[in-house]
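# Descriptive structure summary
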Amino acid sequence: MKLLVTGGSGFLGRRTAAYFETLGHRVLAPSRGVLDITNDASVRNWFREHSPEAVIHTAAVSDTGLCQKNPEWSGKINLEGCIHLAESCRELGSKLLICSSDQVYSGSALPGPHREDEMLRPNNVYGNQKLRAEQRCLEILPETVCLRLSWMYSGESLPGDHGHFLTTLNAALNRDAQPLTWPVHDRRGLTDVEAVVKNLPKALNLPGGAWNFGSANHANTYETVKELLTRLGMAAALARLTPNEEAFADNPRDISMDLTKPEAAGIFFPSTLEGLISVLKKEETL
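What counts as what
- Residues numbered from 1 in each chain as written.
- Predicted model: local features only at pLDDT ≥ 70, side-chain atom pairs only at ≥ 80, totals over all residues.
- Heavy atoms only, no water.
- Phe/Tyr/Trp six-rings, centres within 6.5 Å; stacked < 30°, edge-to-face > 60°.
- Buried < 20%, exposed > 50% of the residue type's maximum accessible area, 1.4 Å probe, protein only.
- Lys NZ or Arg CZ within 6 Å of the ring centre and 35° of its normal.
- Salt bridge = Lys/Arg side-chain N within 4 Å of Asp/Glu carboxyl O.
- Helix = DSSP H or I, 4+ residues; strand = E, 2+ residues; numbered from the N terminus.
- Expected span 1.5 Å × (residues − 1).
- Contact = heavy atoms within 4.5 Å.

Another point: the packing of aromatic side chains. Tallied over the full model, the rule gives 5 aromatic pairs. When the centroid spacing of 5.8 Å and the interplanar angle of 70° are considered together, the rings of W46 and F47 count as edge-to-face. This pair shows no difference in class: W46 is buried, exactly as F47 is. Feature note: the residues W151, F165 and W182 constitute an aromatic cluster, connected by ring pairs. The positively charged end of R15 is found above the aromatic ring belonging to F11, 4.4 Å away from the centroid. Across the ring face of W211, the terminal group of K261 is positioned such that the distance to the ring centre comes to 4.3 Å.

Structure (structure tokens):
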């Protein structure tokens, strides 16, 4: 299969391209200078020249703070880029898989874990852009697979990787004289990027629509870290651990996801805690 991976130098895209190459696929991961997804003509011309059979769209501005500050700029990438790809995929008959986010559940009046068929009203720019991208792609190309990803981490850091949960935890652990504080009003899944990548071949065969795609988590972030340190026998770190009662207190966040739908399709992820423990024991990251 000839496969286009956008964002091929990014955290998820680079790992995705490498994995599909090991499966024997012909992977194309052009730089932005070669394929500018914000430019409709650039996308159409590239597609007509290369005719990819499938597209895994990982390119995005995923920093929620940057999106809040620069909604017009981030929207060109997070929304308009998706629309251009969907139109070209429709023209050529290519399969399209876009990476959405659990942030579409931000601001939900319903408690988690959230299902894909809920009414959504994201309370941040990034979540809104991702939801609108899903909606527009499905209007243009109903076969589009929209994967709602959680915050990902990796036990193996590659040059240029952005920060993630494990790098944040490591930095906190290395500040010996300071307490470890994690919020109690925040609940979300954390997923090993390797598990995401290895489930992508199955995801390409899913019918169009929205799919939760990541690890479940029924505990808040403080409880997750506490149980993780307990399971790893890190008594000194546990002694420094304190709950952060202020973060998200005015607007508690629960963007945890229900995995009933993907599991019925044969796609499984370890729970947040199981995944973290497995990676940390394997890589000896902490």
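What follows deals with the pattern of salt bridges. Under the defined criterion, the tally for this structure stands at 15 salt bridges. A salt bridge links R14 to D161; its shortest N-O distance comes to 3.2 Å. Remark: D161 occurs in the loop between strand 6 (151-153) and helix 6 (165-173) and R14 occurs in helix 1 (residues 11-22); sequence separation between them is 147 residues. Within this structure, D40, R44, R48, E87 and E91 form a network of salt bridges that share partners.

Between its terminal C-alpha atoms helix 5 (residues 125-140) stretches 22 Å, which fits the 22 Å expected from 16 residues at 1.5 Å a residue. Of the positions making up helix 5, those classed as buried are Y126, G127, Q129, K130, L131, A133, E134, C137 and I140. Taken together, the buried residues of helix 5 touch helix 3 (64-69), helix 4 (71-92), strand 4 (95-101), strand 5 (145-149) and strand 10 (209-213).

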